[in-house]
Structure formats: C-alpha cells, structure tokens
Amino acid sequence: MICETAEAFAATLPPLGAIAGLDLGTKTIGVAVSDSMRSIATPVETIKRRKFGLDAAALLELTSARLVNGIVLGLPMNMDGSEGPRCQATRAFARNLEKLTPLPITFWDERLSTVAAERVLLAADTSRKRRAEVIDHVAAGYILQGMLDRLAHLKGQM
C-alpha cells in the first residue's frame with residue numbers, strides 16, 4: 001500500500017518495529033534501517049542496481065531479515081517543489097514494489113540529503129573513494145531520519 005502522507009503511513013504501522021529508508025539512484029539504492037523504537041536511522045548498505053526484479057528481491061530479503069514494518073522512499077523533488085522525471089521514476093518503482101510486498105510504502109522529500117551526507121563525510125575526513133562507497137546509504141539515513149522525526153512529532157500530538 002502506498003501512503004501519500006506521513007499521517008497515513010503512521011496509521012498503517014504497528015506501535016513498534018523497524019522502518020527502512022531508501023535512496024534510489026540510477027545505479028545504486030542506498031538502504032538505511034531504524035531501530036525498533038524508531039528513533040535512530042542507521043545506514044546499512046548500498047545495493048548495485050541491475051533489473052527491477054533483482055533489486056526488489058534484494059530489498060525484500062533485507063526488509064524480511066531486519067523485520068521491517070514499512071518503507072520510506074526518498075522523493076527527489078526539484079528545488080522549486082515540482083516533480084520531474086526522477087520523481088516519476090521513484091513513484092513507478094514504488095508502484096512496482098507495492099505489488100510484491102504488503103509493507104506500507106511512503107515518500108520523503110529528499111532535497112539536499114546527498115549534499116548533507118557529503119558534508120558529514122567530508123567533516124569526518126572520509127577519503128574520496130570511501131565517500132563514493134557509502135554516500136548512498138548515508139543519504140538513505142538522512143531520508144529515514146527525517147521520516148522518523150516526523151513520526152515522533154505526530155506521536156507527540158496524539
């Protein structure tokens with residue numbers, strides 16, 4: 001099921017359990033997973049993209065192994081807030097993934113998440129080679145943390 005808002009996504013989730021965050025690129029998929037209390041996002045791995053079926057199988061294996069209850073996809077909005085071709089590709093990925101899993105899927109505006117991840121890695125004096133290896137799943141961590149913070153805010157309003 002695809003949820004268009006954080007509120008709708010929150011309504012489908014059990015009280016506890018991990019959530020996965022994905023940074024979809026054309027060549028890789030960065031993956032981050034939260035703790036079961038949904039307070040901290042941890043970058044996990046980067047999956048090299050091949051075909052949708054293989055990519056989805058790898059993702060669903062990971063979500064199953066980590067007992068994930070929901071998936072957050074980074075939505076690469078344009079800086080003016082409009083949706084371009086990359087957003088359309090992300091939404092198409094979500095529609096295809098939805099057919100393969102009962103997990104709720106939602107989106108998080110990922111504008112500047114890669115820039116933020118790059119800054120953190122530069123501040124940590126990470127080598128260029130290592131940054132290239134980890135940038136996608138660190139960006140997925142930023143995407144997921146944004147959603148976790150939003151869910152915590154929603155929970156506090158109840």
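Everything that follows concerns the structure shown earlier in this document.
Draft legend 1. Structural view of the pattern of salt bridges. Inspection of the entire model under this criterion finds three salt bridges. Across the salt bridge formed by Arg-49 and Asp-55, the nearest N and O atoms sit 3.3 Å from each other. Given the relative accessible area of 1%, Asp-55 is considered buried.

Draft legend 2. Geometry of the environment of Val-72. Tracing the sequence through the fold places Val-72 in strand β5 (residues 68–75). Among the residues examined, Val-72 registers a relative accessible area of 0% and is labelled buried. Each C-alpha atom, one on Val-72 and one on Pro-104, is 8.6 Å from the other, the two residues being 32 residues apart in sequence. If sequence neighbours within four positions are ignored, Val-72 has contacts with Phe-9, Ile-19, Ala-20, Gly-21, Leu-22, Thr-106, Phe-107, Trp-108, Ile-143, Leu-144 and Met-147.

Calculation rules
Residues numbered from 1 in each chain as written. Predicted model: local features only at pLDDT ≥ 70, side-chain atom pairs only at ≥ 80, totals over all residues. Heavy atoms only, no water. Salt bridge = Lys/Arg side-chain N within 4 Å of Asp/Glu carboxyl O. Buried < 20%, exposed > 50% of the residue type's maximum accessible area, 1.4 Å probe, protein only. Helix = DSSP H or I, 4+ residues; strand = E, 2+ residues; numbered from the N terminus. Contact = heavy atoms within 4.5 Å.

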